[in-house]
Amino acid sequence: MALVVQRLSDLISLSISHIALNPILTASLLWVLTKGPPHIRERLFSRFASLRDPRRHGQIVKALKWFLAIGLTKNINKQLSNMSLNAWRLKSERNRWIWSQEIAVVTGGCGGIGELVVKRLVTKGVKVAVLDIHGLSGGLQGYSNVHFFSCDVTDPAAVKSTAERIRATLGSPTILINNAGIVQAHSILDTSDEWLRKIFDVNLLSNWYTVKAFLPDMIAKNKGHVVTVASTASFSGIGLMADYCSTKAGVLAFHEALNQELKHRYNAPKILTTSVHPNWIRTPLIEPFEKALVAAGNPLLEPEDVADAIVRQIESCSGAQIFLPENANRSALLRGLPSWAQETLRSGVSKKILPSAPEYKSG
Ligand SMILES: *[C@@H]1O[C@H](CO)[C@@H](O)[C@H](O)[C@H]1NC(C)=O
Ligand SMILES: *[C@@H]1O[C@H](CO)[C@@H](O)[C@H](O)[C@H]1NC(C)=O
């Protein structure tokens, strides 16, 4: 039942935003109804009798004006958001990017989303340096543009020396995709000290190491694209995922600060930045509660969806904050809600994760 309601509400909001909130449609209709050529209006009025009633006509025109205003506001907001994340540039950066000459670094590129991103980039002709502690997977063998560098991204010295090897063999990278990440569901009391260090090292601190290693060359050219793979967990603390949510909140703060420094400190506003916030992705982690998620109307993302979105953004030669699916942008609004609503929403998610970790046993 909840699923049906959810689907219906999705359908209604989709058609509202596609039709009623499309300013071109509402403006055209408004023009036809008020200032259009008499013969078209006559035809419309004879088709739709209610339009002949001046009161109904007035109501429809008023509603159309509202839809036009809301539709315009939405579109203007979208454009402003895009421009603000691109240092208020009006001109596209496309002419500065030649894919066969670009070099990308992908951390955690030997599996999952990382591997899919690597494949898509090499297909475009980009040379890709894959940084991972796991060896190159079978799927990536045989691509001449894939260059594997065995590197533990949690070790700053290793990242630094790997960056030197990449510059010496391939050249200086213009694309950095900070994708390496780990996740596990467990309670705070069940988190080992070892795991805690590891997840902060991989998911968060590695971003400092790679940015320190690769950003200076990008600054020198005032060209580059840094992609941060975050999560909708950047916006909320969820039970059994305290460590993961903390790293993802941290990595978003890192990303935002990087964007500020590019503009205000390094004078390199043409370096593009993109943060990616996927909601639930089909992975072994969520298997225990996959059914519950789907039943509650959460569409699961495939790793391919995330890889496609990352590469599409790189191809667009512009920076962005991407939510997957698009309506997961709601998660960013959470902290603006009253506490009771925040707690209710967080509880809903935490309860779904409960089955995937052992119960707490005292003593
Ligand atoms: C965002 O702006 C850039 C120009 O900076 C443009 O190339 C890109 O297509 C825009 N993206 C969207 C989704 O409008
Ligand atoms: C969130 O994304 C939807 C598209 O799914 C869009 O219509 C809406 O305006 C966005 N909301 C915000 C606050 O950006």
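Nothing here was measured: the structure is a model prediction, and the numbers come from that model.

About the criteria used
Residues numbered from 1 in each chain as written. Chains lettered and ligands numbered in written order. Predicted model: local features only at pLDDT ≥ 70, side-chain atom pairs only at ≥ 80, totals over all residues. Heavy atoms only, no water. Domains from an automatic or database assignment. Contact = heavy atoms within 4.5 Å. Buried area = accessible area lost by both parts, 1.4 Å probe. Salt bridge = Lys/Arg side-chain N within 4 Å of Asp/Glu carboxyl O. Polar contact = N/O pair within 3.5 Å; in protein donor to acceptor, adjacent residues only side chain to side chain. Helix = DSSP H or I, 4+ residues; strand = E, 2+ residues; numbered from the N terminus. Nonpolar A, V, L, I, M, F, W, Y, C, P; charged D, E, K, R; others polar. Near = heavy atom within 4 Å. Areas by Shrake-Rupley, 256 points an atom, 1.4 Å probe, with all protein chains shown as cover. Axes fitted to C-alpha atoms, helices over the stretch in contact; angles between N-to-C directions. Parallel < 35°, antiparallel > 145°, perpendicular 65-115°, else oblique. Left-handed = near helix turned anticlockwise from the far one by under 90°. Buried < 20%, exposed > 50% of the residue type's maximum accessible area, 1.4 Å probe, protein only. Pairing = 2+ DSSP bridges. Right-handed = clockwise from strand over helix to strand, strands pointing away. Patch = residues over 30% accessible without salt bridge, like charges linked within 9 Å, V, L, I, M, F, W, Y side chains within 5 Å.

**Observations concerning the domain arrangement of the chain**
Okay, so step 1: Splitting the chain by domain gives domain 1 (1-86) and domain 2 (94-356).
Okay, so step 2: One C-alpha centre belongs to domain 1, the other to domain 2; they are set 38 Å apart.
Okay, so step 3: Each partner contributes residues to the interface: domain 1 has seven residues there, and domain 2 has 13 residues.
Okay, so step 4: Summed over both partners, the interface of domain 1 with domain 2 buries about 660 Å², with 38% contributed by carbon and sulfur atoms.
Okay, so step 5: Along the contact surface separating domain 1 from domain 2 lie zero salt bridges.
Okay, so step 6: Our count for the domain 1 to domain 2 interface comes out at one residue pair in polar contact (both at pLDDT 80 or more).
Okay, so step 7: Elements with a contribution of two residues or more to the side of domain 1 that touches domain 2: helix 1 (2-20) and helix 4 (54-84).
Okay, so step 8: The element best represented in the side of domain 1 that touches domain 2 is helix 1, accounting for three residues.
Okay, so step 9: Of the residues that constitute the side of domain 1 that touches domain 2, the class distribution is two nonpolar, four polar and one charged.

**Focus: the site of ligand 1**
Okay, so step 1: Taken together, Asn 82, Arg 94, Ser 316 and Ser 318 form the complete shell of residues around ligand 1.
Okay, so step 2: Asn 82 places a polar side-chain atom, nitrogen or oxygen, 2.4 Å from an oxygen atom of ligand 1.
Okay, so step 3: Burial of ligand 1 by the surrounding chains reaches 60%, relative to a free accessible area of 360 Å².
Okay, so step 4: Tallied by class, residues from the shell around ligand 1 come to no nonpolar, three polar and one charged.

**Quick look at the packing of helix 6 (residues 156-169) against helix 7 (residues 193-221)**
Okay, so step 1: Direction vectors running N to C along helix 6 and helix 7 enclose 30 degrees, while the axes themselves pass 8 Å from each other. Relative to helix 7, helix 6 is oriented roughly parallel. By crossing handedness, the relation of helix 6 to helix 7 is classed as right-handed. For the pair helix 6 and helix 7, the contacting residues are Pro 156, Val 159, Ala 163, Ile 166 and Arg 167 in the first and Tyr 209, Thr 210, Ala 213, Phe 214 and Asp 217 in the second.
Okay, so step 2: Split into classes, the residues belonging to the contact of helix 6 with helix 7 amount to seven nonpolar, one polar and two charged.

**Notes on the pairing of strand 4 (residues 175-178)**
Okay, so step 1: Going residue by residue along strand 4, you find Ile 175 and Ile 177 tucked away on one face and Leu 176 and Asn 178 tucked away on the opposite face as well.
Okay, so step 2: Examined bridge by bridge, strand 1 (residues 103-107) and strand 4 share three bridges and lie parallel to one another. Bridging across to strand 4, Ala 104 finds its partner in Ile 175.
Okay, so step 3: Here four bridges tie strand 4 to strand 5 (residues 224-229), and the two strands are oriented parallel to one another. When the bridges of strand 5 are listed, Ile 177 appears paired with Val 227.
Okay, so step 4: This β-α-β element, strand 4 to helix 7 to strand 5, shows right-handed connectivity.

**Re the site of ligand 2**
Okay, so step 1: In the vicinity of ligand 2, the residues found are Lys 74, Glu 326, Asn 327 and Asn 329.
Okay, so step 2: Here Lys 74 contributes a side-chain N or O atom positioned 2.6 Å from an oxygen atom of ligand 2.
Okay, so step 3: When ligand 2 sits alone it has 360 Å² of accessible area, and the protein chains cover 47% of it.
Okay, so step 4: When the residues that make up the shell around ligand 2 are grouped by side-chain class, the tally is no nonpolar, two polar and two charged.

**Remarks on a nonpolar patch on the surface**
Okay, so step 1: On the surface, a cluster of nonpolar side chains totalling about 450 Å² of accessible area is made up of Leu 8, Leu 11, Ile 12, Ile 16 and Phe 67.
Okay, so step 2: The leading source of residues in the nonpolar patch is helix 1, at four residues.
Okay, so step 3: Summarising the element assignment, Ile 16 is placed in helix 1.

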